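Notes for the structure review
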Amino acid sequence: MTTTTTGLDAIATEAGTFAVLAMDQRGTLKRMLAAVDRPDTTDEEITALKRDMIASLAGSASAFLVDPTYGMPASKLAETDAKYGILLAAEPASRGTHHGEPVVSLDPAQDAAWVSDSGADAMKFLVQVRADRRAGDDGRDTTAEAVEVMRTLIADCDAVGVPSVVENLIFPLAGEEALSPEARADAIIEAAVLIDDLHPTLLKLEYPGSPEACRRLAERISSPWAVLSAGVSSDEFADVLRVSCDEGGASGFIAGRSVWREAVAMDHDERVAFLSDTGRRRLDEYCGIIEGRARSYREVRA
C-alpha cells in the first residue's frame, strides 16, 4: 500500500530519515541473473522477483526505489497492508558515452509529470559527474552538459511538486589510472558540492571512504543526503551506514543488493522465505542503525 503523504515525507520514516530499498536495477540485475545461470529469465519473472521483494520487505522499508519497466508494475502487484513510498528512477535505461566517459541525458518522456502520473512519490535520477573534468580537445564539456540537464530536471520537479533525488556515481576519466582512496574521496565530495549547488531535494551518494571524508562532505553540502550500498556485503554496509550518519550527517540509506543479492538465484518459494527472514533481518538492522543516529531531513532543511 503506497503512502498518502507528499514530498519527502512520502518516502521517509516518521522521524524524517530514509530507509529505502533500492531495486531499480535493470541491466545490472540481468547480469546478476546470468551469473547464477539464469540468463533466460523472462520480463514477467523479473517483475515477479521485484514483486516478492516489495511484498516481503514492506513494513521495514520506508520506500522502494523502482525502475519503470519491472519495479513499478511490481509495486502494483505486491499484496501487503504496509504503507510505503515509491521512488521512481527516471534516467534513460541506456546512457551514451563520449571518449569512453558517461554522458548525462534526459528521457523527455520521463519527466516530473510522468512520475506523478505513474503514482510514484519522488523521482530518482542517476548522473555520473566529475567536477574536476575539463573540456577535451574537441571542446565538449560533458560536465557542463550534465549540470544543465540536472538544472532542467530539478526545476521541472520543483514546478510539479515532485521531490528530486539525484544520485551520483564516480567514474575514471579517460586515460586515468585507478583512483587512490584519497582521490576517490575528493571526487565524491567535489561532485556532491557541484550537484548540491543546484538544490535537489535529496542527494544519493557513494560512501566517501572514511570518517574524515564524511566530515568534509558534511561541511560542504547543505542538502540532505542518503548513502547508497554500492553492492557491498551486508556487514560492510552496516559499518558504512554508521560512519555516514555519525560523521557525515547522513539522513539514512538507499540500499539494495546488500539486502537481497542472494534472492536472484532462488525460485519463488525459496526467495520469499529468504527475503522474509534474512532480507528483513538485514533491513531491520539498517533501520536500527539509523534510529537516533541519522539526521532528519527536516532538520537539514530547516
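What counts and what doesn't
Residues numbered from 1 in each chain as written. Predicted model: local features only at pLDDT ≥ 70, side-chain atom pairs only at ≥ 80, totals over all residues. Heavy atoms only, no water. Helix = DSSP H or I, 4+ residues; strand = E, 2+ residues; numbered from the N terminus. Buried < 20%, exposed > 50% of the residue type's maximum accessible area, 1.4 Å probe, protein only. Polar contact = N/O pair within 3.5 Å; in protein donor to acceptor, adjacent residues only side chain to side chain. Contact = heavy atoms within 4.5 Å. Disulfide = S-S within 2.5 Å. Pairing = 2+ DSSP bridges. Axes fitted to C-alpha atoms, helices over the stretch in contact; angles between N-to-C directions. Right-handed = clockwise from strand over helix to strand, strands pointing away. Salt bridge = Lys/Arg side-chain N within 4 Å of Asp/Glu carboxyl O. Phe/Tyr/Trp six-rings, centres within 6.5 Å; stacked < 30°, edge-to-face > 60°.

**Quick look at the side chain of K124**
Note that K124 resides in strand β6 (residues 122-127). A relative accessible area of 1% places K124 in the buried class. A polar atom in the side chain of K124 sits 3.0 Å from the side chain of D24. Other than its neighbours up to four places away in sequence, K124 contacts D24, L65, L87, L88, A89, A90, E91, V165 and E167.

**So, the state of the cysteines**
Tallied over the entire structure, the rule returns 0 disulfides. C245 supplies the cysteine sulfur nearest to C287, a cysteine that is in no disulfide, at a spacing of 11 Å. Of the residues examined, C287 reaches a relative accessible area of 19% and is grouped as buried.

**Thoughts on the sheet that holds strand β3 (residues 85-89)**
If you walk around this closed barrel you meet the 8 strands as β1-β2-β3-β6-β7-β8-β9-β10, and the pairing is parallel. Strand-to-strand twist across the sheet, computed as the mean angle between neighbouring axes with direction ignored, equals 25 degrees. Examined bridge by bridge, strand β9 (residues 225-228) and strand β10 (residues 252-255) share 2 bridges and lie parallel to one another. Residue pairing for β10: L228 is matched across the bridge by I254. In this fold helix α8 (residues 234-248) packs onto β9 and β10, with an angle of close to 160 degrees to the strand it touches most, β9.

**Topic: the pairing of strand β8 (residues 202-205)**
Along β8, one buried face is formed by L202 and K204 and the opposite face, lined by L203 and L205, is buried too. Bridging between β8 and β9 involves 3 bridges; their strand directions are parallel. Counterpart to L205 in the pairing with β9 is V227. What joins β8 to β9 is helix α7 (residues 211-220), and the crossover it makes is right-handed.

**Digging into the pattern of salt bridges**
Following the criterion strictly, the structure yields 23 salt bridges and no others. With a shortest N-O distance of 2.4 Å, R133 and E101 are connected by a salt bridge. A residue pair is termed long-range when its members are at least 10 positions apart, and R133 in the loop between β6 and α5 (142-160) and E101 in strand β5 (residues 101-102) qualify at 32 residues. Among the residues examined, R133 registers a relative accessible area of 7% and is labelled buried. The class of E101 is buried, set by a relative accessible area of 6%. The residue E206 makes a salt bridge to R184 at a minimum N-O spacing of 2.5 Å. Of this pair, E206 sits in the loop between β8 and α7 while R184 sits in helix α6 (residues 181-196), and the two are 22 residues apart along the sequence. Assessed through its relative accessible area of 31%, R184 is described here as partly exposed.

**Examining the packing of aromatic side chains**
In this structure the tally under the stated criterion is 5 aromatic pairs. Taking the centre distance of 6.3 Å and the plane angle of 80 degrees together, the rings of F237 and F253 count as edge-to-face. Here the residue F237 occupies a position in helix α8, and F253 occupies one in strand β10, the gap between them amounting to 16 residues. Assigned by exposure class, F237 and F253 land together as buried. Taken together, a centroid distance of 5.0 Å and an interplanar angle of 80 degrees make the contact between F237 and Y286 edge-to-face. On the criterion of sequence distance, the pair formed by F237 in helix α8 and Y286 in helix α10 (residues 268-290) is long-range, its members being 49 residues apart. Both residues of the pair, F237 and Y286, count as buried. Taken together, the ring pairs connect F237, F253 and Y286 into an aromatic cluster.

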